[in-house]
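Reading the structure
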Amino acid sequence: MKERIKKILISYDTPHNTCVMGNEGIARAAIEAGVDGVFSYPGTPSTEISEIFNHVNNFQYDQANKEKYPDLTSHPVYFEYSINEKIAMEKAIAFSIGNKSAMCVMKNVGMNIASDALLSVTYQTIIAPLVIVVCDDPGCHSSSNEQDSRYWGPMASVPIFNPATPEDAFEMIKLAFELSGKIKLPVLVRTTTRVSHTRGVLSYGAIKQEAREAKFERLPEHINIPARTAVAHTRLLDKLKSEPILALLKQESKLKLNAVDTAFGIISSGVATSYVTEILHQNDFLHRVSLLDLGLIHPFPEKEVLSFLSRGFEKILILEELDPFVENAVRNLTQKNKLDQQIFGKGFSNLTVTGEFSLDLLRTVLEDFSNTTFNNTQKAPLENHEIFLDHLPPRPPTLCSGCPHRATFYLLKLAIPREQSELIMCGDIGCFGLGALPPLKMIDTINHMGMSISMAQGLYESFHASEKSKKVVALLGDGTFFHSGLTSLVNAVYTRANILVIIFDNRTTGMTGHQPHPGASRTPKYHEIEIAPLLKGMGIEVVETINPYNVTDSIDKVNEAMLHQGVSVLISKAPCIFLPEFKDKMEKKMKIIVDHSRCNTCENHEDKSLSCSRCYTPKNNLSRAKAKLLAEISIPGEEQLCPANICNHGFFNSILEGDTHSAIEIVRDKMLFARTCGDICHRPCELFSSYKNLIPIKKLKHLVSSNEELFIDFSSPIKRAEEAIKKHKSVAIIGAGPAGLSAAYDLIQSGYEVCVFEKENTVGGMVTYAIPYFRMDKAGFDYEAMQLQKMGVTFYLNQSLGKDFTLEHLTEKFDSVILAIGMNKAKTLDLIEQNIPSESRMDVLHFLKSFNQKESMIKNGSVVFIIGGGNSAMDAARSAKRLHSTNRIIVSCFETESQMPAFYEEVKHAQAEGIEFLYDSCINSISVEKSGKTILHLHTYSNDQSLLIVPCDYIITAIGQTTDPRVILNLTTDDDLRIINENGFSGYKNVLVAGDISSGNNMSVIGAIASGKKAAIGVRKLLENYAYEYEGNFALERLNAIPTPQRSPANESEEIFEIEKYNLFQSCQKCNHCIDNFGCPAMVKVNGKVEINANRCTLCGLCIDVCPNNAIRWEAEKLESIEA
Amino acid sequence: MNMIKNIKILIAGVGGQGVVFLSNLVVEAAMISNIPVSVSEIHGLSQRGGVVTSGIGLGAHCTGFIGKASVDFLFGLEPLETQRCLSYLHKNSSVIFGHYRIQPYSVNAEITQYPELSVLATYLEKQCKEAVFIKEFAKHIDPILYNVFMLGRASRMNDFPFQEPLLEAAINNTLHGTKNKETMDAFKLGVAYEFDKKQAPLNS
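Residues numbered from 1 in each chain as written. Chains lettered and ligands numbered in written order. Predicted model: local features only at pLDDT ≥ 70, side-chain atom pairs only at ≥ 80, totals over all residues.

Some words on the sheet that holds strand S10 (residues 264-268) of chain A
Picture the strands of a sheet paired through backbone hydrogen bonds; they go either parallel or antiparallel. Residue and element names in this part refer to chain A. Operational definition: Paired strands, as defined in this entry, are two strands with at least two bridges between them according to DSSP. Secondary structure counts use DSSP, requiring at least four H or I residues in a row for a helix and at least two E residues in a row for a strand, with both numbered from the N terminus.
Taking strand neighbours across the sheet as the criterion, the five strands line up as S9-S11-S10-S13-S14 in an open arrangement whose pairing is mixed. Of all strands in the sheet, those bounded by a partner on one side alone are strand S9 (253-257) and strand S14 (343-344). Pairing between S10 and strand S11 (residues 289-294): five bridges, direction parallel. Paired with serine 268 across the strands is aspartate 293, a residue of S11.

So, in structure tokens, the structure goes:
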């Protein structure tokens, strides 16, 4: 840069050729013209002009340079980035009035606010030359409109140059300075993107060395009062007819092509001249066209154009980008001069008022104009290239990797989700406007610069009186805030608007290439103004500065600011990634990597063909990501696993997202009994010792399955069974308890033919007979079980093994058999059987069955003595109590309280219901009174000491179950007559076992369901070489493995459950959150996984917080380039 | 000024890939050769990851503006941007393009598909006068220098107007001594790229 600046300041006695951009040529031309000061607000496509003067200024004011390069620093050029174009214009005018030549530089729309100053000073006077450079943007590459600045000529009555090339611009700037000095009027030079940003070869010459003395002369023209304006207007118009202008009009109306033939005349201005010259030079057509290029277009070169027209062309074509400025003037002229001239302009061929010209567009226009086809046989287009251009991915601009604006938008996405509210977010001009595009989409309006705050105020006011009155949000950059946001904010405070203003303070003017502004002065040349004290001084109560990379803290502040009534302001402050302070802060010698085993991976099941009803939407994943950062309690998914392998992560997060439909479907992906488990599951998913607060999955399951509409809809499992690829293999299941039914549910969905044999006249087994009705919804269970029929399972009821059919027979008739007959025979004690009359004793199964059928014979006010410390003893005790509140229920067991095999919560329920417990006790002897009352003599079990004498009316033995050994011939059993098996395989033919009958089975309903699933997988392994294992072992073992006192499930007593406090996290295949909601360009999706391109990563580290799968992390390794 | 046959060169890439720097080197080579040169760059929001193109016109009345079937020589610094320029090429065009992909958002979001490079390479080899596809850049060079690497390889192509010594001079003039060695090394690696596989270049 220093070399470039030196070159720009060297005065060349002999012309020096250099190839530079139009904007650089403009800067050099101003220097050659001896400019004393430049005032500017940056804006594409004008920016490079002011950047050069910024560098020139820094170079010239540097003491070392002053000493080393006296020639280059002897005429210092003042430069400033004014806060906006209006101030730049006003200051440039004043500078000129102080007898220093000035240049004021801006983009097209800048003139809109600067024009106030221009339109008055022309009636008055300037002193030293003042040149205004305005750069238009046809095609709107980087502007909010494509307004045509040539109108400022007639509007302000100032001369306006319209260069076609960098070479033109270079010359015209010098002419403009000269003219302005002569007629004491500001002179405009208007360029377009293709002139400013095109490079051409310029001849640098000598720099004007004239030194101007600063002075102020008290002239009457400096005071603008109405009495003088009429005269002043006449004087102004006279200046436009003055000799210097007339000379320039002649000089700058150039006959670029001069044909003898008078068929075609072209009048063009601006970059159109470049295009048309090139096209004509490439074609033989050149000799038939005359071309007049207009360089000074206001006042209009009437004489020159008339002279051109007088050559009597058959047709005249007028070429200019944007509005028909020249065309209208030419038409006006022909009308005034009564010329009968055929003129072609806007509306002819491809000539429109909108957009840019191009070689292709003008070639067509010239072909149409001349009725000729321009062919170039040397340059035939590639064949069928169009198909390569179809559906090509677009490449819109995006916020840079590491950009603090993305961080701010991301935290706003989490803090004020837009899907759930009608919150209006008013954006503004600048880099951060890219937040309107996917994936951020956090902006509703973008208008002109500084409009955001006014838009928010106005919208707030329009809703003010209505019921919908609410806070409106304004978003703007720090540069824009000082440019034009500040005055609007004063108005907001003044009018008591209820708005939140978020200032994206990235410490620079980012969009235009990092210029300083009052909030980030960057050099001692400018004084820095801190935004926060400024706002507090205005009386704004809530002014908070946030660090956008600290998402959690910032979200709290956003929420507070949203709640405040009145104007609240958040300053999201973090440097642009191009600033040194960003780079200084970033991690060195580290890189960020993605663990592909966690990225977009299902951690729940390996078999990807299994149904997953988790609904994938960017919004859902946003909710997971929010939970990750904001939840008070975070629990890894593996802590809350289910023996039935239900995806509790997906289940919980669906509820968190309000999607209870997906939640119940996720349960049914793996298991039939959503409601039954919601009632009676022993929730191994909640049985974990190290986490005090767990998510009450069972309670949520109950909640979700209590929704009748969701509960009754089994269409998805039915559809899955229908659509399953048929295996043409049959499976017999003996026993319609929860184990057998679960095996049937899985197998029917895997395409098997399934027949269930049940000895009772109804399905359900122990769930139907042994679980007391007050613990569960019996009708709900029946409904769930009934769905199997709809799914295609065949039931044979009243079919008893050993009586109606044999196992042997089924093994031959079916491809596989699952034995799930349960343990339906209660164990008894000889002491009881022999000493107590049969009407006073019963076993637990008979008692519970009679209880559920409401046929219990126990009389009111009885003492019921229950022997046993297991779950059925608890059920029996609670049922007996429920028969009549006057019943006294005593439970006697060998074990101490903590050693009881019953689940902790069952014991607690029983205790709470007034059941008495005799731990460490056993019956020593029994006597029967005359009244028929039984007297029990109890001893302690541990040391056989006399303990208590208890009179009772009934005794129920609940000491475990067994089965009829006759039905399990051929199968190997353990001491309890349970069938020994390995993963369900009995070792006998094609027979698998499930449920209570299988050795090593885990008690409880969920244990039975799990064993049914395990047997179903066994069948699939046997019959189709299924490759996956049963995936619920970890949770299943937990059901029994954990010592009783620690089995306390979480949140048991919490009635109101704040679900938002929790985060249950696990990798999920249906993720893509970082791409869908964050969109850092360093993140690349390759083969379904996200990768980080180290060449583009700026190491801001925010993605680590963003990833809901915890798949992204730092790694301290040598940076190696990763190719995308 | 040297009057040569007009040549239009287009350099296409993504912000941050050094399109403008490469363009400056070509301009400098033209200036040393005293050839008329004009350049038109499009880089509205290039720092924000957008498309950057630089058109260079060599010879009298030849602008840097690009039209259909007007480009004689294309540098594709990024494959997708190379493909986007196909309508500007003609049957006598020469093309050099590299494999280094920069995926736009819509590809990551799986809304669109990134085109298949081998298909493009085959097509260009068949359709153009000369096409060089850089399948692999030398491992240790910074991707920011892929531009000069490609310039090195381009110097051996038949229709590229500037040869190795001249381009070296252009690099030296443009860099003013900073990062000179790395740049020159990358350039020379480019010159040597697949040298054995091709017939010796004309300018060796």
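Examining unusual backbone geometry
Residues and elements named next belong to chain A. The amide bond that connects histidine 298 to the next residue, proline 299, takes the cis arrangement and shows omega of -5 degrees. Residue position: proline 299 is located in the loop between strand S12 (296-298) and helix H14 (302-309). If you check the backbone angles, asparagine 384 has positive phi at about 50 degrees while not being a glycine. Position of asparagine 384 relative to the elements: it lies in the loop between helix H16 (359-370) and helix H17 (386-389).

What about the packing of helix H2 (residues 22-32) of chain A against helix H3 (residues 47-61) of chain A?
All names here are of chain A. Keep this limit in mind: The angle between two axes is taken between their N-to-C directions and runs from 0 to 180 degrees, where each axis is a line fitted to C-alpha atoms and a helix contributes only its stretch in contact. Convention used here: angles under 35 degrees read as roughly parallel, angles over 145 as roughly antiparallel, angles from 65 to 115 as roughly perpendicular, and any remaining angle as oblique. Each crossing gets its handedness from the near helix: less than a right angle anticlockwise from the far helix is left-handed, clockwise is right-handed. We call two residues in contact when their backbone-placed C-beta atoms lie within 7 Å. Amino acid classes used here: Ala, Val, Leu, Ile, Met, Phe, Trp, Tyr, Cys and Pro are nonpolar; Asp, Glu, Lys and Arg are charged; the rest, including Gly, are polar.
It is at 8 Å that the axes of H2 and H3 come closest, and there the two elements cross at 45 degrees. When the axis of H2 is compared with that of H3, the two are oblique. Where H2 crosses over H3, the two elements pack in a sense that is right-handed. Between H2 and H3, the residues in contact are Asn23, Glu24, Ile26 and Ala27 and Glu48, Ile49, Ile52 and Phe53, respectively. The residue inventory of the contact of H2 with H3, partitioned by class, reads five nonpolar, one polar and two charged.

So, the interface of chain A and chain B
At the interface, 52 residues of chain A touch 52 residues of chain B. Elements represented by at least two residues in the side of chain A that touches chain B include exactly strand S8 (198-204), helix H13 (272-281), H16, H17, helix H41 (1073-1078) and strand S38 (1083-1086) of chain A. Among the elements that make up the side of chain A that touches chain B, the one with the highest residue count is H13 of chain A (five residues). Of the residues contributing to the side of chain A that touches chain B, the split by class is 24 nonpolar, 16 polar and 12 charged.

Regarding the nonpolar core
All names here are of chain A. As a reminder, the rule being used: To form a nonpolar core, buried Ala, Val, Leu, Ile, Met, Phe, Trp, Tyr and Cys residues must be joined through C-beta atoms within 7 Å. Once C-beta atoms are placed from the backbone, each residue is buried if 20 or more other C-beta atoms lie within 10 Å of its own, exposed if 12 or fewer, and partly exposed for counts between those two. Residue ranges for the domains originate in an automatic or database domain assignment.
Counting residues in each nonpolar core, the largest one holds 171 residues, and the members touching the most others are Val131 and Ile173. Top element by residues in this core is helix H9 (residues 166-183). It accounts for nine residues. No fewer than three residues from each of domain 1 (2-239) and domain 2 (254-374) sit in this core. Setting aside residues no more than four positions away along its own chain, valine 131 makes contact with Ala30, Met103, Ile173, Ala176, Phe177, Ser180, Val187 and Val189. Cys685, Val704, Ile733 and Ile1017 belong to the second-largest nonpolar core, a separate cluster that totals 128 residues.

Remarks on the pairing of strand S18 (residues 542-546) of chain A
All names here are of chain A. Rules: Seen with the strands pointing away from the viewer, any crossover whose path from the first strand over the helix to the second strand runs clockwise is right-handed.
By the bridge criterion, five bridges tie S18 to strand S19 (residues 568-573) in an arrangement that is parallel. Bridge pairing in S19 places glutamate 544 opposite leucine 570. In this region the chain leaves S18, passes through helix H22 (residues 551-563) and returns to the parallel neighbour S19; the handedness of that crossover is right-handed.

Things to note about the sheet that holds strand S4 (residues 102-107) of chain A
All names here are of chain A. Spatially, the seven strands line up as an open sheet ordered S3-S2-S4-S5-S7-S6-S12, and their pairing is mixed. If you trace the sheet from one side to the other, it starts and ends with strand S3 (78-81) and S12, each paired once. When strand S6 (residues 160-161) meets S12, the two strands line up antiparallel, connected through two bridges. Residue isoleucine 160 lies in a different strand from S12, and its bridge partner there is histidine 298.

As for the domain arrangement of chain A
Parsing chain A into structural domains produces domain 1 (2-239), domain 2 (254-374), domain 3 (404-585), domain 4 (591-598 + 1071-1115), domain 5 (724-824 + 964-1028) and domain 6 (825-960). Domain 2 of chain A and domain 3 of chain A are separated by 48 Å when their C-alpha centres are compared.

Comments concerning the environment of glutamine 147 of chain A
Residue and element names in this part refer to chain A. Inspection of the secondary structure puts glutamine 147 in the loop between strand S5 (130-136) and helix H8 (152-156). Taking C-alpha positions, glutamine 147 is 9.6 Å from threonine 354, a pair spaced 207 residues apart along the chain. Not counting residues up to four positions away in its chain, the partners in contact with glutamine 147 are Asn108 and Val109.

Let's talk about H2 of chain A
Residue and element names in this part refer to chain A. With respect to burial, H2 is a largely interior element, 11 of its 11 residues being buried. Gly22, Asn23, Glu24, Gly25, Ile26, Ala27, Arg28, Ala29, Ala30, Ile31 and Glu32 are the residues of H2 that are buried. Directly after H2, the chain includes glycine 34, whose backbone phi takes a positive value near 80 degrees.

Side note on H16 of chain A
Residue and element names in this part refer to chain A. Where we set the bar: Helices are assigned an expected span. That span is 1.5 Å times one less than the residue count. Note: the arc covers the axis-to-C-beta directions of the helix.
The terminal C-alpha atoms of H16 lie 16 Å apart, and with 12 residues this matches the ideal 16 Å at 1.5 Å per residue to within 8%. Burial in H16 covers these residues: Leu359, Leu362, Arg363, Val365, Leu366 and Phe369. Each buried residue of H16 sits inside an arc of 165 degrees when the element is viewed along its axis, so together they form one side. Two residues or fewer after H16 comes asparagine 371, characterised by a positive phi angle close to 50 degrees.

Observations concerning the confidence of the model for chain A
For the record, the criterion: The predictor rates its confidence in each residue with pLDDT, a number between 0 and 100.
On average, residues of chain A score 92 in pLDDT, and 97% of them reach the 70 mark or higher. Here residues 1043-1047 of chain A is modelled with pLDDT under 50, and outside its nearest four sequence neighbours on either side it reaches nine contacts, counting other chains as well.

A short note on the environment of alanine 826 of chain A
All names here are of chain A. Tracing the backbone shows alanine 826 in strand S26 (residues 825-826). What makes alanine 826 buried here is the crowd of 22 C-beta atoms within 10 Å. As for alanine 826 and threonine 957, which are separated by 131 residues in sequence, their C-alpha atoms are 8.3 Å apart. Dropping the residues within four chain positions of it, alanine 826 is found in contact with Asp843, Val844, Leu845, Thr957 and Gln961.

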